[in-house]
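Commentary on secondary and tertiary structure
So the chains spell out like this:
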Amino acid sequence: MNGGRQRRGGRRGSQRAGLDSERFDEALERVDERGRSAGRARIQQLQIKFLLAVQAGLAAALAWAAARWLTGMPSPIFAPAAAVAVITSSLGQRLTSTIELFAGVTLGIFVSDLLIEVTGVGVWQTGVIVAAAILVALALSTRGGVVGNASGTAVLLGALSSSRHTLEFPRFIDAVIGGGVGLAVTLLLLPINPLRIMRRVAAPTLRQLADQLGQTASALRSRDHELADRALSRSQGVGAELGRFWDAFGGAKETVNFAPARWPWRRAVRHYQLGAPEVDQTVWNTRVLARRVVVLIEDEEPIPEGLPNAVDELGAAVRALQNEVLSGWSPEATRRHALRAVAHATQAELAGTHLSGTVIVGQVRTAASDVLQATGMDRSEALRRIREVASAQSDPHRNPPAG
C-alpha cells in the first residue's frame, strides 16, 4: 500500500516536474521573443533618429548659408535654430509648427516694438514686455508654439535693446528663412518614406495585440488568473502605444500631401488610414475583453471550449492583418480568421455562458467587425457577414459562408 502511494506520489511529482518544465520553456520562449522584438524596435528607432539627425544637420547648414546670403548678417543664428525647430517637431506637426513659429515671432516683434517706444528699455521694462507678449499671444491663440515663440522674441528684443533698431527685421527674416529651409529639407530634399514609417509603428502594435489575445486565450483554457492579469496589463500597454501609432499616420499624411516625391503613395497611405480607426477600436475592445476574462475566472463561470478558441482566432486575425494589409496583400486570411472567431464565440454562447462569458462573446463579435473593416470592408457588409456566420452556427443545416 505504501508502495502504491509512493508510486502515485512519484507520478504526481513527475507530472508537476513536466508541467514546470513546459512552463519554463514557454516563459523562456516569450523572453526570447520579447528580446528579438525589442532588438528590432531599437534598430528601427535608430534608423528614424539617424534620418532625423541628417535632416537637422543639413537644414541648419542650408539655413545659415541662405540667411547670410539674403540678409547679409554675419551670424544669422536664428535661421538654423528655426530650421532645427521645424525638423525636430513631431511627425505630422511640422507644417503647423512652422506656422506657429512665424506667428509667434511676428507677434513678439510687434508687441515689443510698441512697448519699447512707450516704456523704453531696462530690467522692469523687459518683464513688462514679456508679460504683455504672453498675454496677447494667449488672447489670440492657446497653442504652445505661438506663445513660446512670442515670449522668446520679446525676451530677446527687450534684453538686446542697444541693437533693437537693427535686430527686429533680421530676426523675423531669419525665422522665415529657417522655417522655410526646414520644410524644404523634410518635404523636398529628404522626405521620409511614409509607408516604412507606418509599418514600423503599426506592425509592433498589431504584433503586441495578437500576442496579448493569445495570452488571454491561454488564460481562459487553463483558468489561470495570474496569466489573465498579465494579459490585461499587456492590453493596457498596447493602448499606450496608440499615441505613436496616430503620430506615424499623421506624419505619413503630411508627407504625401506636401512632398512631391511621395505623391504616388497617396493612395496606399489613404488605404492604411482608412483602417487605422478600426485598429484603434480593436485595441480598446480587446482591453474590455481581457478585463472580463479576469472577472470570469474570479467568478468561476463556465468556460465553453468555443470561448478560448474564439479569442485565439481573433488573435490570428490580427496577426494576419499585420502580415497582409501592411504588406499590400489580399486580406483573405484576416477575414477568414475573424469570421472563425465569430463562429467559435457563437458556439460558446449556445453551449451556455454566464454574464462575463456573454460579454466576451459580444466583444469578440465587435472586435471581429473592427478587423473586417480594417481590411477595407464597409461596416454594413461586415455586420452582414457576422450575422450570417452566427446564424449558421445556430442552424446546423446551414453551411457557414467562406471567410
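Use the structure listed above.
On a predicted model such as this, the values are computed, not experimentally measured, just so you know.

Here we look at the overall build of the protein
Across its full length, the protein holds 14 helices and zero strands. Ordered by position from N to C terminus, the α and β elements of the protein give α-α-α-α-α-α-α-α-α-α-α-α-α-α. Counting the 403 residues in the protein, one finds 43% classified as buried. When contacts within the protein are restricted to residue pairs at least 6 apart in sequence, those whose partners lie at least 24 apart make up 75%. Accessible surface computed for the protein: about 20,200 Å², of which carbon and sulfur atoms make up 58%.

Considering helix 14 (residues 379-394)
Counted at 1.5 Å a residue, the expected span for helix 14 with its 16 residues is 22 Å, and the 23 Å between its end C-alpha atoms agrees. Those residues of helix 14 that fall on the buried side of the exposure criterion are A382, R385, I386, V389, A390, A392 and Q393. Across the axial projection of helix 14, the buried residues extend over an arc of 160°, all falling on one side. Looking at helix 14, the residues exposed on the side facing more than 90 degrees away from the buried face are S380 and R387. On the buried face of helix 14, the contacting elements are helix 12 (332-351) and helix 13 (355-374).

Quick notes on the packing of helix 12 against helix 13
For the pair helix 12 and helix 13, the least separation of the axes is 9 Å and the interaxial angle reads 165°. One element, helix 12, and the other, helix 13, form an angle in the roughly antiparallel class. Here helix 12 runs over helix 13; the crossing is left-handed. On the side of helix 12, the interface is formed by T334, R335, A338, L339, A341, V342, A345, T346 and E349, while helix 13 contributes V361, V364, R365, A368, V371 and L372.

A closer look at a negative patch on the surface
Taken together, the side chains of D229, E298, D299 and E300 make up a negatively charged region of the molecular surface. With respect to the secondary-structure elements, E300 resides in the loop between helix 10 (266-298) and helix 11 (306-324).

A word on the side chain of T286
In this fold, T286 is placed in helix 10. Beyond its immediate chain neighbours, meaning those up to four positions away, T286 contacts L209, Q212, L213, L314 and A367.

Concerning the packing of helix 11 against helix 12
Each packed pair of helices is defined by two parameters, the angle between the axes and the distance between the axes. Packing of helix 11 against helix 12 brings their axes to within 7 Å, and their N-to-C directions diverge by 170°. Viewed along their axes, helix 11 and helix 12 adopt a mutual orientation that is roughly antiparallel. Taken as a pair, helix 11 and helix 12 cross one another with a handedness that is left-handed. Facing helix 11, whose interface residues are G306, L307, N309, A310, E313, L314, A316, A317, A320, L321 and E324, helix 12 presents E332, A333, T334, H337, A338, R340, A341, H344, A345 and A348.

Some details on the pattern of salt bridges
Per the stated rule, a full pass over the model turns up eight salt bridges. When the shortest N-O distance is used, the salt bridge between E381 and R384 registers 2.6 Å. Of this pair, E381 and R384 both sit in helix 14, separated by three residues, roughly a single helical turn. E381 is paired through a salt bridge with R385; the nearest N and O atoms lie 3.8 Å apart. Highlighted residues: E381 and R385, both in helix 14, separated by four residues, approximately one helical turn. Residue classification places R385 among the buried residues on the basis of a relative accessible area of 14%. Three or more residues are tied together by salt bridges with common partners; here these are E381, R384, R385 and E388.

The rules behind each value
Residues numbered from 1 in each chain as written. Predicted model: local features only at pLDDT ≥ 70, side-chain atom pairs only at ≥ 80, totals over all residues. Heavy atoms only, no water. Helix = DSSP H or I, 4+ residues; strand = E, 2+ residues; numbered from the N terminus. Buried < 20%, exposed > 50% of the residue type's maximum accessible area, 1.4 Å probe, protein only. Contact = heavy atoms within 4.5 Å. Areas by Shrake-Rupley, 256 points an atom, 1.4 Å probe, with all protein chains shown as cover. Expected span 1.5 Å × (residues − 1). Arc of directions from axis to C-beta. Axes fitted to C-alpha atoms, helices over the stretch in contact; angles between N-to-C directions. Parallel < 35°, antiparallel > 145°, perpendicular 65-115°, else oblique. Left-handed = near helix turned anticlockwise from the far one by under 90°. Patch = residues over 30% accessible without salt bridge, like charges linked within 9 Å, V, L, I, M, F, W, Y side chains within 5 Å. Salt bridge = Lys/Arg side-chain N within 4 Å of Asp/Glu carboxyl O. Lys, Arg positive; Asp, Glu negative; His and termini not counted. Charge placed at Lys NZ, Arg CZ, Asp CG, Glu CD.

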